[in-house]
Amino acid sequence: WKFMVQLKPEEQVSRIEKVVAEQKEGLQNTKFNLMLKAHLDQLEVAVMFDYWQEAYKTMEDIHGKMVYFRVSPKIDVMLNYYQQLAQIFWVSRNWLFHAYALSK
(Lines give C-alpha, C1' and ligand atoms only; values in the text may rest on other atoms or scores of the structure.)
Protein backbone atom coordinates (compact mmCIF):
# COMPACT_ATOMS: atom_id res chain seq x y z
CA TRP A 1 0.00 0.00 0.00
CA LYS A 2 3.01 2.23 -0.03
CA PHE A 3 2.42 3.00 -3.72
CA MET A 4 -0.88 4.63 -2.71
CA VAL A 5 0.99 7.09 -0.54
CA GLN A 6 3.29 7.91 -3.45
CA LEU A 7 0.40 8.39 -5.92
CA LYS A 8 -1.52 10.74 -3.62
CA PRO A 9 -5.01 9.64 -4.78
CA GLU A 10 -6.76 12.64 -3.26
CA GLU A 11 -4.86 14.91 -5.67
CA GLN A 12 -5.84 12.69 -8.60
CA VAL A 13 -9.48 12.67 -7.55
CA SER A 14 -9.56 16.45 -7.17
CA ARG A 15 -7.99 16.87 -10.63
CA ILE A 16 -10.57 14.56 -12.18
CA GLU A 17 -13.40 16.38 -10.42
CA LYS A 18 -12.07 19.70 -11.71
CA VAL A 19 -11.87 18.43 -15.30
CA VAL A 20 -15.38 16.96 -15.11
CA ALA A 21 -16.77 20.23 -13.70
CA GLU A 22 -15.14 22.25 -16.50
CA GLN A 23 -16.53 19.92 -19.16
CA LYS A 24 -19.98 20.01 -17.57
CA GLU A 25 -19.92 23.82 -17.58
CA GLY A 26 -18.89 23.83 -21.24
CA LEU A 27 -21.73 21.47 -22.13
CA GLN A 28 -24.23 23.59 -20.22
CA ASN A 29 -23.09 26.71 -22.08
CA THR A 30 -23.38 24.90 -25.41
CA LYS A 31 -26.83 23.55 -24.53
CA PHE A 32 -27.92 27.00 -23.37
CA ASN A 33 -26.70 28.68 -26.57
CA LEU A 34 -28.53 26.13 -28.77
CA MET A 35 -31.76 26.49 -26.83
CA LEU A 36 -31.43 30.27 -26.80
CA LYS A 37 -30.91 30.41 -30.56
CA ALA A 38 -34.00 28.25 -31.15
CA HIS A 39 -36.12 30.38 -28.81
CA LEU A 40 -34.89 33.64 -30.35
CA ASP A 41 -35.78 32.35 -33.81
CA GLN A 42 -39.21 31.39 -32.50
CA LEU A 43 -39.61 34.83 -30.91
CA GLU A 44 -38.62 36.58 -34.13
CA VAL A 45 -41.16 34.61 -36.17
CA ALA A 46 -43.92 35.16 -33.59
CA VAL A 47 -43.30 38.93 -33.67
CA MET A 48 -43.11 38.93 -37.47
CA PHE A 49 -46.56 37.30 -37.77
CA ASP A 50 -48.09 39.28 -34.88
CA TYR A 51 -48.58 36.23 -32.67
CA TRP A 52 -48.19 38.32 -29.55
CA GLN A 53 -49.32 35.77 -27.01
CA GLU A 54 -46.88 33.20 -28.40
CA ALA A 55 -44.16 35.86 -28.47
CA TYR A 56 -44.79 36.65 -24.80
CA LYS A 57 -44.66 32.96 -23.83
CA THR A 58 -41.41 32.54 -25.75
CA MET A 59 -39.96 35.60 -24.05
CA GLU A 60 -40.84 34.09 -20.67
CA ASP A 61 -39.12 30.83 -21.70
CA ILE A 62 -35.99 32.71 -22.70
CA HIS A 63 -35.91 34.59 -19.41
CA GLY A 64 -36.44 31.37 -17.44
CA LYS A 65 -33.56 29.68 -19.21
CA MET A 66 -31.25 32.64 -18.58
CA VAL A 67 -32.09 32.46 -14.87
CA TYR A 68 -31.79 28.66 -14.72
CA PHE A 69 -28.46 28.39 -16.53
CA ARG A 70 -27.05 31.57 -14.92
CA VAL A 71 -25.35 32.44 -18.19
CA SER A 72 -25.15 35.90 -19.70
CA PRO A 73 -25.67 35.75 -23.46
CA LYS A 74 -23.65 37.88 -25.85
CA ILE A 75 -24.47 41.58 -26.09
CA ASP A 76 -25.87 41.39 -29.63
CA VAL A 77 -28.19 38.55 -28.58
CA MET A 78 -29.44 40.54 -25.60
CA LEU A 79 -29.91 43.63 -27.78
CA ASN A 80 -32.13 41.63 -30.15
CA TYR A 81 -34.00 40.14 -27.18
CA TYR A 82 -34.74 43.54 -25.62
CA GLN A 83 -35.75 45.10 -28.95
CA GLN A 84 -38.32 42.39 -29.52
CA LEU A 85 -39.39 42.57 -25.89
CA ALA A 86 -39.95 46.32 -26.25
CA GLN A 87 -42.07 45.68 -29.34
CA ILE A 88 -44.20 43.14 -27.44
CA PHE A 89 -44.76 45.61 -24.60
CA TRP A 90 -45.57 48.42 -27.06
CA VAL A 91 -48.29 46.36 -28.72
CA SER A 92 -49.70 45.32 -25.35
CA ARG A 93 -49.74 49.02 -24.31
CA ASN A 94 -47.59 48.27 -21.32
CA TRP A 95 -45.67 51.54 -21.50
CA LEU A 96 -43.61 51.15 -18.35
CA PHE A 97 -42.17 47.78 -19.37
CA HIS A 98 -41.71 49.05 -22.92
CA ALA A 99 -39.59 51.93 -21.61
CA TYR A 100 -37.64 49.56 -19.36
CA ALA A 101 -36.88 47.19 -22.25
CA LEU A 102 -35.68 50.14 -24.35
CA SER A 103 -33.43 51.34 -21.53
CA LYS A 104 -31.71 47.98 -21.31
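Before reading on, note that the structure itself is shown above.
What you see is a predicted model, and the numbers here were worked out from it, not measured in a lab.

Each value, and the rule that gives it
- Residues numbered from 1 in each chain as written.
- Predicted model: local features only at pLDDT ≥ 70, side-chain atom pairs only at ≥ 80, totals over all residues.
- Heavy atoms only, no water.
- Helix = DSSP H or I, 4+ residues; strand = E, 2+ residues; numbered from the N terminus.
- Buried < 20%, exposed > 50% of the residue type's maximum accessible area, 1.4 Å probe, protein only.
- Contact = heavy atoms within 4.5 Å.
- Areas by Shrake-Rupley, 256 points an atom, 1.4 Å probe, with all protein chains shown as cover.
- 1 Å grid on protein atoms, 1.4 Å probe; cavity = no way out; pocket = protein on both sides within 12 Å on 5 of 7 lines; lining within 4 Å.
- Points joined across faces, edges and corners; volume = space filled by probe spheres on them.
- Nonpolar A, V, L, I, M, F, W, Y, C, P; charged D, E, K, R; others polar.
- Salt bridge = Lys/Arg side-chain N within 4 Å of Asp/Glu carboxyl O.
- Patch = residues over 30% accessible without salt bridge, like charges linked within 9 Å, V, L, I, M, F, W, Y side chains within 5 Å.
- Core = buried A, V, L, I, M, F, W, Y, C linked by side-chain atoms within 4.5 Å.

Colleague: Looking at this structure, how should I read the overall build of the chain?
Modeller: Secondary structure assignment for the chain yields 5 helices and 0 strands. Helices and strands in the chain line up, N terminus first, as α-α-α-α-α. When each of the 104 residues of the chain is scored for burial, the buried share is 24%. Taking the intrachain contacts of the chain between residues at least 6 apart in sequence as the baseline, contacts between residues at least 24 apart amount to 52%. When the accessible surface of the chain is split by element, carbon and sulfur atoms take 60% of a total near 8300 Å².

Colleague: Is there a simple way to explain the layout of surface pockets in this structure?
Modeller: Space left empty within the atom packing is revealed by a probe, the size of a water molecule, rolled over the atoms. Quantified by volume, the largest pocket comes out at close to 230 Å³. As for the largest pocket, its lining consists of Asn33, Leu36, Lys37, Leu40, Asp41, Glu44, Val71, Ser72, Pro73, Lys74, Val77 and Asn80. When contributions to the lining of the largest pocket are tallied by element, the ones reaching two or more residues are α2 (9–48) and α4 (75–91). Considering every element that reaches the lining of the largest pocket, the biggest residue donor is α2, with 6 residues. Of the residues belonging to the lining of the largest pocket, the class tally is 5 nonpolar, 3 polar and 4 charged. Approximately 180 Å³ is the volume found for the second largest pocket. For the second largest pocket, the full set of lining residues is Tyr56, Met59, His63, Met66, Tyr81, Tyr82, Leu85, Phe89, Phe97, Tyr100 and Ala101. Listed by contribution, the elements that provide at least two residues to the lining of the second largest pocket are α3 (52–69), α4 and α5 (95–103). Its residues assigned to classes, the lining of the second largest pocket comprises 10 nonpolar, 1 polar and no charged.

Colleague: What exactly am I supposed to notice about the pattern of salt bridges here?
Modeller: Side-chain pairing between opposite charges can occur once the charged atoms of the two side chains come close. Under the definition given, this model contains 1 salt bridge. Among the salt bridges present, the one from Asp41 reaches Lys37, with a minimum N-O distance of 3.2 Å. Placement of the pair is Asp41 and Lys37 together in helix α2, with a separation of 4 residues, close to one helical turn. On the accessibility criterion, Asp41 (37% relative accessible area) is partly exposed.

Colleague: I'm lost on a nonpolar patch on the surface in this one. Help?
Modeller: A contiguous nonpolar patch, built from Val45, Met48, Phe49 and Tyr51 and spanning about 440 Å² of accessible area, is present on the exposed surface. Note on placement: Met48 falls in helix α2.

Colleague: What am I meant to see in the nonpolar core here?
Modeller: Where a protein is soluble and globular, its nonpolar side chains tend to be buried together. Ranked by size, the top nonpolar core spans 20 residues in total, and within it Leu43, Ile62, Tyr81 and Leu85 carry the most contacts. Going through the elements one at a time, α2, α3 and α4 are the ones with two or more residues in this core. The biggest single contributor to this core is α4, with 7 residues. Once you skip the residues sitting within four places of it in the chain, Leu85 turns out to touch Met59 and Ala101.

Purely spatial values, then, with no claim about function.
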